[in-house]
Every structure is written in C-alpha cells, then in structure tokens.
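Given next are the chains, with one letter for each unit.
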Amino acid sequence: MLDVYTMIAELAGTLRQIAEAVTYIVPQVGVGGEIEAKPFIDLGPLMKWSLIFLFGMSTVFGFVLAFAAKKFAVKVDPRVEQVLGTLAHAHCGACGYAGCEQYAVAVVGDPNVSPSLCTPAGEKAAAKIAAITGKKAEVVEPQYARIMCQGDCNLAKTRYKYEGVADCRAAVIAGGGDKACAFGCLGYGTCAHVCPFGAIAMSATGLPVVDEGKCTGCRKCKAACPKKVIEVLPSSRRVLVTCHSKDKGPDTKKNCQIGCIACGICVKVCPFEAPKVDKNLSVIHIEKCKVCGLCVSKCPTKAISDFVPSRGKAAIDPAKCIGCSICAKVCPVDAPHGEAKKPHSINAASCIGCGICTAKCPVQAISGTFNTREVFAAAELKKAKAAEKAAEKASGAAVPSSN
Amino acid sequence: MDFGKLFELIVSSALVNNYVFTMFLGLCIFFGVSKRMETAIGMSVTFTAVMMVSAAMSWMVFKFIMVPLNIEYLMIIVFIGIVAGLVQASDTVMRKVAPDLYNKLGIYLALISTNCIILAVPLSNVGNKYNFIESLAFAFGSGTGFALALIIMASIREKLELADVPGPFKGLPMAFVITGLIALAFTGFSGLITL
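All residue numbers here refer to positions counted from 1 along the written sequence of the relevant chain. Working convention: letters from A go to chains and numbers from 1 go to ligands, in the order in which they are written. Given that this is a predicted model, residues contribute local features only at a pLDDT of at least 70 and side-chain atom pairs are listed and counted only at 80 or more, while totals for whole chains, interfaces and linings are drawn from all residues.

Asks: Teacher, can you tell me more about the overall build of chain B here?
Replies: Of the regular secondary structure elements, chain B holds nine helices and zero strands. Per the convention used, a helix needs a DSSP run of H or I reaching at least four residues, while a strand needs a run of E reaching at least two, with both numbered from the N terminus. Mapped in sequence order, the helices and strands of chain B form the string α-α-α-α-α-α-α-α-α. Scored against the burial criterion, the 195 residues of chain B give a buried share of 38%. Sequence-distant contacts in chain B: of pairs separated by 6 or more residues, those separated by 24 or more amount to 80%. For every residue, the other C-beta atoms within 10 Å of its own C-beta are counted; 20 or more classify it as buried, 12 or fewer as exposed, and values in between as partly exposed. C-beta atoms are placed from the backbone. A pair of residues counts as a contact when their C-beta atoms, built from backbone coordinates, are separated by no more than 7 Å.

Asks: Could you clarify how one ought to interpret the interface of chain B and chain A in this entry?
Replies: You'll often see interface size given as the accessible area lost when the parts meet. The interface is formed by 26 residues belonging to chain B together with 25 residues belonging to chain A. Among the secondary structure elements, those contributing two or more residues to the side of chain B that touches chain A are α4 (75-97) and α7 (116-127) of chain B. With ten residues, α4 of chain B is the largest single contributor of residues to the side of chain B that touches chain A. Each residue receives one of three labels: charged for Asp, Glu, Lys and Arg, nonpolar for Ala, Val, Leu, Ile, Met, Phe, Trp, Tyr, Cys and Pro, and polar for the others, Gly being one of them. When the residues that make up the side of chain B that touches chain A are grouped by side-chain class, the tally is 13 nonpolar, nine polar and four charged.

Asks: In this structure, what is going on with the environment of Ser203 of chain A? I would like to understand it.
Replies: Along the chain, Ser203 of chain A turns up in the loop between β2 (200-202) and β3 (208-210). By the C-beta count within 10 Å, which is 11 here, Ser203 of chain A ends up exposed.

Asks: Quick question: what am I supposed to make of the environment of Met94 of chain B here?
Replies: All names here are of chain B. Turning to its location among the elements, Met94 is positioned in helix α4. The partly exposed category is assigned to Met94, around which 18 C-beta atoms lie within 10 Å. For the pair Met94 and Thr46, spaced 48 residues apart in sequence, the C-alpha to C-alpha distance is 9.8 Å. If near-sequence neighbours (up to four positions away) are discounted, Met94 is found in contact with Leu101, Tyr102 and Leu109.

Asks: I would appreciate a short explanation of unusual backbone geometry in the present structure.
Replies: Of all residues except glycine, most have a negative phi; of all peptide bonds, most are trans. Residues and elements named next belong to chain A. You will see that Glu273, though not glycine, has its phi angle at about 55°, which is positive. Examined against the element boundaries, Glu273 turns out to sit in the loop between α10 (265-269) and β6 (275-278). Using a count of 10 C-beta atoms within 10 Å as the deciding quantity, one classes Glu273 as exposed. Phi is positive for Lys341, which is not a glycine, with a value near 65°. Looking at where Lys341 falls in the secondary structure, it is placed in the loop between β10 (336-337) and β11 (345-346).

Asks: Could you clarify how one ought to interpret the packing of helix α3 (residues 37-66) of chain B against helix α8 (residues 132-160) of chain B in this entry?
Replies: Residues and elements named next belong to chain B. Axes here mean lines fitted to C-alpha atoms, for a helix over just the part in contact, with angles spanning 0 to 180 degrees between N-to-C directions. Where α3 meets α8, the axes come as close as 9 Å, and the angle between the chain directions of the two elements is 165°. Of the possible angle classes, the one that applies to α3 and α8 is roughly antiparallel. Where α3 crosses over α8, the two elements pack in a sense that is right-handed. A class-by-class count of the residues in the contact of α3 with α8 yields 19 nonpolar, seven polar and one charged. When an angle is under 35 degrees it counts as roughly parallel; over 145 it counts as roughly antiparallel; between 65 and 115 it counts as roughly perpendicular; any other value is oblique. Two helices crossing with the near one rotated counterclockwise from the far one by less than a right angle form a left-handed crossing, whereas a clockwise rotation gives a right-handed crossing.

Asks: Where do I start with the pairing of β6 of chain A in this structure?
Replies: Each regular strand displays side chains that alternate between the two surfaces of the sheet. Residue and element names in this part refer to chain A. Where β6 lies against strand β7 (residues 281-284), four bridges are found, and the strand directions are antiparallel. Across the sheet, residue Pro275 finds its bridge partner in β7, namely Ile284. Between β6 and the antiparallel strand that follows it, β7, lie two residues; Lys279 among them carries a positive phi value of about 55°. Whether two strands pair depends on DSSP finding at least two bridges between them.

Asks: How do you make sense of α4 of chain B when you look at a structure like this?
Replies: Three- or four-residue spacings in an α-helix give side chains the same orientation, since the helix completes a turn every 3.6 residues. Here a helix's expected span is defined as the number of its residues, less one, multiplied by 1.5 Å. Its 23 residues place the ends of α4 of chain B 32 Å apart at the C-alpha level, agreeing with the 33 Å of an ideal helix rising 1.5 Å per residue. Restricting attention to buried positions, one finds in α4 of chain B the residues Met75, Val78, Phe79, Ile82, Val83, Gly85, Leu86, Val87, Ser90, Asp91 and Thr92 of chain B. Buried residues belonging to α4 of chain B abut α2 (43-71) of chain A together with α3, α6 (107-110) and α7 of chain B.

Asks: What exactly am I supposed to notice about the environment of Ala199 of chain A here?
Replies: Note on placement: Ala199 of chain A falls in the loop between α7 (190-194) and β2. Counting along the chain gives twelve residues from Ala199 of chain A to Asp211 of chain A, while the straight-line C-alpha distance between them is 5.1 Å.

Asks: What exactly am I supposed to notice about the packing of α3 of chain B against α7 of chain B here?
Replies: Working note: a packed helix pair is described by the angle between its axes plus the distance between those axes. Residues and elements named next belong to chain B. Contact pair α3 / α7: the axes reach a minimum separation of 9 Å and the direction vectors enclose 40°. Classed by the angle they form, the pair α3 and α7 counts as oblique. Relative to α7, the crossing made by α3 is right-handed. Residues Val50, Met51, Ser54, Ala55, Ser58, Trp59 and Phe62 of α3 form the contact with α7, whose own contacting residues are Ile118, Val121, Pro122, Asn125 and Val126. Taken together, the residues of the contact of α3 with α7 break down into nine nonpolar, three polar and no charged.

Below you can see the structure in the form of structure tokens.
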C-alpha cells in the first residue's frame, strides 16, 4: 500500500516538473497573465458584481443585435429560394450573371429576365422557373462547345520540346506554346480540367473531345483556353471548319496536315453559298448552311468536320410519293430521278445523306436520313394544329347558327 | 503620444511576432480562406476592422468596468462575448451593405469569432498593460500581419493548383508544409525590434 502511495506521489512530482519545464518552452507573451495577485478577495461583492455585469452585458448586446437585425434587414423574396433549388449550381456564368444566387434574384425581381437562361439545368428547370415566376419559358436551342482544331500529335508539328507544368495556360507562357501552328490547340487539357460537368476528355493523340451528352454550353472552357480554340455554337451548326489558322495556305500546310489552306473549294461546291474565305480561313455561315455535308468530302485537307453522328441515305416511299420532283430540285448531288407525276427513287450511290429532300418533301415520303424523326414530328404537329383550328372554326360556325 | 513606440508595436505584431507564422494562432481560418486571392483580401480587411473595434471595446470594458469591480478574472469570457457580438453585428450589416463580399466570405465571416487571434490580441493588451492608443496600434499591427500571411499564402496556393503535387500531399498537407517553410523564413525577422 505504501509503495503505491509513494509511486503516485513521485508521479505527481514528475508531472509537476514537466509542467514547469513546459512553461519555459512555450513563449511567454503575457496572454492571460500578469494580473496582480490580490492579498484578500471579498467574495460577496465579487459574486454580486460578476452576475450583474454579465447579465447587463448580455442584455445590452441582445438589444444591439436585435436593433441591427431590424435596421439592416434584407428582404428576401421566398421565391428566390425556390428558384435556387431548381438551378444547376455549376457557377459557370452561362446565364450572364456573377453567380447562381444573382441570377435567381434577377429572374424573380426583373420582369425582363428570361427564365430559360440556366442552360446547364436544361428545359426542366426553365419550365419550373417559369412556373415559379409566372413567365413563359422559351425553348432555347442547346449549345455545345466545339474544338476548332484537329491537329493532333500525328498531324501537327511541334516547334520544341516543352517540359513544364502540364497545363495549356502554363505552356502558352513559353513563347506561345510548343505547337508550330500559332492558332492550334496545345493539348495539355486545361479545358478538360475546368469543365464542371466532365464533358471534355483528352484523346490518346492529345486533342480534347467534347461529349455532347454532358456539355451544357456554360462557356467555362472557352474562357479558360489560352489559344481561344474553343467556340460555343448552337447545336444545329453541325458542319464546321474546325481550324482557326489565319496563316497563308503554304504555311498552314507546313505546320499541320489537316489545317484550312483557304483553297476555296468549299466555296465553289456549296450549293447554298455558305462558306466564306476571310483572312486565309474559311468560315461556314449559319444562316446559309443546310448541314448537307457536301463540303466535308470535297475539302482537300479534311479541315471541315461533320458533327452529325451518322448519315443514313435517303429512300423514297413509292406509296406516298406524288411525283412533284421538289426533291430533285433541292438535291445538291442530283440523286433523285423519276418522271413527272410518277413515284421517284433515289440513287443510293450518289446520295450523301444531307437530309434536305426529307425536309422539303411536301408529303413526307422520304425517310432514312439523320433528320427524319424531327421532320416527321414537325409535320405531325402542323397537322394536329391545323386540325384543331379547323375544329374550332367548325364549332364557331355552328354556334351562331344554333342561336 | 510616443509615435516611436506605436511604430515599434505595429512592426512587432505584424512581422516579428506574426500571429500566424510565429505564434501559430488562427490557422483554421488561415487555411480555409487562403485558397483564392479575392476571399483572402476580403477576409483580411474584415478581420482587421473587427479586430480593431473589438480591441478598443475590450480595453474600455476592462479598464472602466472590470478593474473597478475587481472582476478581471472574467476577462476571457467577456472578451469572447464582445467579439461574438461584434461579429454577428458585422455579419448583419455586411449582408445589406456589401452582399457580394458577404456571399464570397460565406461561413468564414462567422468563423472570425472562433479565430484564436481575435482573443489573443485583447488578452495581450491587458497583459502588457498598453494604453488605449497602444492597444489600437497593436490590434492594427496584428491585423496587418494576418493580412500579410493570408495574401502570401493565397498567391502561392493559386499557383499550387497547377503544379504536380504527389497524390497524398494534394491540398491541405502541402499547404501545411508551405506554411512551415514560410514560418522558417519569418524567423529572419526575430531580433528586428526587441520589445
């Protein structure tokens, strides 16, 4: 028993020595210290004043804070919270506002702000926001990021070997990047890094690839790219010259095998006069382009990309065809043939699957191209609307006569 | 008013006894806010303002109320109470006056009241028996030192995002290593002013 007590006493002594030693190691800066010791403490008044003081101070603070809360109150419309719940919260800036909350405040407060601006959240959110704010949701065409460069490691030359931080923004500091073409993609993956939706992946040959399913058109990649190689365009723009090189033709050809050399062949072949060559670069204009894909096969350097996933060939249903020959007139390669007023047929060998005849056929007799479903759906809608109008007119005419 | 002493106090609390790099106080806010430059600058300005007001109020409450009533032993509780009240008030005011900064700071504005520095400064003022102007100067110097620490760290951490950091060290561990290195560099200031 005595041994246990002495052991505990020794332990306590050791601990006290350690505590004293520690106070020498920790810097002494007077934090919480150096209040004079008092020889005598009067407990009664001490307790009284402590309680009064603490109670008084908390009351004073309570009043001050309540007053501040009243005076600086911020009136928050509860609809803002509801709108915030529907947004995508990617903080991308696609709506044009500094943050998601700013857009929510604007769409609730300002009658001119459209409810469909949050492109990452899609049409569902636009419909919900329209319901909350009482506005009409407009159908906004989705926008996708397009990489305007196809010069991967096999096709484009490099000027020097770059060793450094594997980021395009860092590589561009070293003399504009290691690619021979001054307008080309450097391929170090800054865009893939900043995309909040994981829509961009780097291919094995060093070029970014955009997944249209995930891309929401938020423009973060476009802002981050130091070479300005990314353009965000409406989804209907499916045939594009994926090159930004403003160098003269021979220089472009020297630097990259797949660049636009401004030869003008696309301008010549296009039946709709859509491409224009300006500053040694061909650009396809949206208003005129009918996404036929003819220039894609004619371009000598393959600089034009076709973003339509697959082009099926057109086929005419002989049962529906009325022989009006409109398809033969609009076809850029003269594939349909047939006599007037007799069912036509399409030469599958020359058909390029551009889909123009499908859209122009007045009786929707042509199918098989990439736009078949949209064209048929639009035609159904038109018929349904016409039927509705006819029914209204009929019932409207009936009512006065019954009176 | 001894300007020499005031200048000494400011330099000492900002550089020689920098609260982050020498005394290792206030680290949670330091690491939390120093990821981006705009939050770092906003936080340091707010912090210096709250620090100076709270140091002034704490000094006055201590000298004129607590000392005559012999209740100095309550000073830790009282100082924290004053700081918490001030932070809540500044939270309410900033929400109306500067909503952008308020949204950027987010939770870190309320976390100023948990920052060790904001308690250490009034306690140091009491311990070193500074008068009112000296307390204000000391608080201003601490705020400046904290601001310096935040801005240095923010500029390093923004570049750190692009660098090739080994997997286990990504984020906070590397920030700690870097803080240690900067603290090592700050020991160069010791002996600059003997206080």
